[in-house]
Amino acid sequence: MQTVLTTSMQEATDALIGNLLASEAFIRYQQALASLNQDVEAHTLLEQLSLAQANLRKKQADNDVTQAEIKALHMLQDQVQQNTAILAYSQTQQEAVSLLREINSEISQLLGINFASLANHATC
Amino acid sequence: MENMEYENIEIAPLYVVLQAAHDFAAALAETPQYKTFEKTAYAFRQNQAAQQAREAYQQKRKSLNTLLMLNALNDEQRNELEQLQSDFITLPVVQEYIDAQAELVTLCQALGDALSESIGLNYAASCGVSCCG
């Protein structure tokens, strides 16, 4: 069932969203995300890394990992960490996350509850 | 919105974003769900029987913690713990508090979802909240 928000709650939510999206941290994050989405090399690297990690996990379970495979994975990780589009995306995402934590702290202090904890859907 | 120019893009300064967060919290504090939660939480804290029942349940649970983790309670211990829990959560003042908290959680989840969908990041997860809070 969809929760019906009061007018003032809806307006305050829209204003917070608008201001978050207009913050420097989120503008930089959105720009980095757009750049990442257009970067073929970055995408290829991320796909290769994901595949290599999955293969290595499978081989670890079978106790069948070679030094060469570990070295290849480390080289791939180095390439990913040096890719400017991936690096910018990762850094700007951290900045956006830092801002969200500051925002949550502001909200939670006023309410006397951790808003993010209550907003969380996940259960153990 | 008071903004400053940044490479042809209008940027909301941090104090404006924080003010929006403050206004959001103020609006949430005025909702029926939050007000009911505050009222029932206060009543729960002030109710001596509820506090004693909570204490009795928590003490018993703590004393059986190792067995609980090992799933090794005998029937007598399990029944005693379940009875203490039932004695606690069926008190009207506790039930009202639990219900109010559930209503507030539903509202906060809806608000968190609205934020997450619009900003492209999971709000709760970004704030470092795990499945265990």
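Residues numbered from 1 in each chain as written. Chains lettered and ligands numbered in written order. Predicted model: local features only at pLDDT ≥ 70, side-chain atom pairs only at ≥ 80, totals over all residues. Heavy atoms only, no water.

In summary, soluble globular proteins display a tendency toward joint burial of nonpolar side chains. In terms of nonpolar packing, the biggest core is built from 57 residues, with Leu16, Leu20, Phe26, Ile103, Ile107 and Phe115 of chain A together with Tyr123 of chain B touching the most fellow members. By residue number, the principal contributor to this core is helix α6 (residues 92-119) of chain B, which donates ten residues. Apart from the residues lying within four places of it in its own chain, the contact partners of Phe115 of chain A are Asn104, Ile107 and Ser108 of chain A together with Phe24, Leu28, Cys108, Leu111, Gly112, Leu115 and Tyr123 of chain B. (Core = buried A, V, L, I, M, F, W, Y, C linked by side-chain atoms within 4.5 Å. Buried < 20%, exposed > 50% of the residue type's maximum accessible area, 1.4 Å probe, protein only. Helix = DSSP H or I, 4+ residues; strand = E, 2+ residues; numbered from the N terminus. Contact = heavy atoms within 4.5 Å.)

Counting from both sides, the interface comprises 46 residues of chain A and, opposite them, 49 residues of chain B. Contact between chain A and chain B buries roughly 4300 Å² in total, counting both sides, with carbon and sulfur atoms accounting for 75%. Counting the contacts that link chain A with chain B gives zero salt bridges. Taken together, chain A and chain B are joined by six residue pairs in polar contact (both at pLDDT 80 or more). (Buried area = accessible area lost by both parts, 1.4 Å probe. Salt bridge = Lys/Arg side-chain N within 4 Å of Asp/Glu carboxyl O. Polar contact = N/O pair within 3.5 Å; in protein donor to acceptor, adjacent residues only side chain to side chain.)

With that out of the way, let us pick up the packing of helix α1 (residues 7-21) of chain A against α6 of chain B. The interhelical angle for the contact between α1 of chain A and α6 of chain B, taken along N-to-C directions, is 30°, at an axis separation of 10 Å. The orientation of α1 of chain A relative to α6 of chain B falls into the category roughly parallel. As α1 of chain A packs across α6 of chain B, the resulting crossing turns out to be right-handed. Residue-level contacts link Met9, Thr13, Leu16, Ile17, Leu20 and Leu21 of chain A of α1 of chain A to Leu111, Ala114, Leu115, Ser118 and Ile119 of chain B of α6 of chain B. For the contact of α1 of chain A with α6 of chain B, the per-class residue count stands at nine nonpolar, two polar and no charged. (Axes fitted to C-alpha atoms, helices over the stretch in contact; angles between N-to-C directions. Parallel < 35°, antiparallel > 145°, perpendicular 65-115°, else oblique. Left-handed = near helix turned anticlockwise from the far one by under 90°. Nonpolar A, V, L, I, M, F, W, Y, C, P; charged D, E, K, R; others polar.)

The next point concerns the packing of aromatic side chains. Residue and element names in this part refer to chain B. Evaluated as defined, the whole model comprises eight aromatic pairs over all chains. Taking 6.5 Å as the distance between ring centres and 45° as the angle between the ring planes, the aromatic pair formed by Tyr34 and Phe37 counts as tilted. Residue Tyr34 and its partner Phe37 are located together in helix α2 (residues 32-46), separated by three residues, close to a single helical turn. There is no split in this pair, since Tyr34 and Phe37 are both buried. On the numbers, 6.1 Å between centres and 45° between planes, the contact of Phe44 with Phe88 is tilted. Note that Phe44 is positioned in helix α2 and Phe88 in helix α5 (residues 75-89), a separation of 44 residues in sequence. Each member of the pair, Phe44 as well as Phe88, is classed as buried. (Phe/Tyr/Trp six-rings, centres within 6.5 Å; stacked < 30°, edge-to-face > 60°.)

Next up on the list: the packing of helix α3 (residues 48-63) of chain B against α5 of chain B. All names here are of chain B. Taken N-terminus to C-terminus, the directions of α3 and α5 make an angle of 155°; their axes are 8 Å apart at the nearest point. Between α3 and α5, the angle falls in the class roughly antiparallel. The way α3 lies across α5 gives a crossing that is left-handed. On α5, the residues touching Ala50, Ala53, Arg54, Ala56, Tyr57, Lys60 and Arg61 of α3 are Glu80, Leu81, Leu84, Gln85, Asp87 and Phe88. In the contact of α3 with α5, the residues fall into seven nonpolar, one polar and five charged.

So, to be careful, I would describe these as geometric facts and stop short of saying anything about function.
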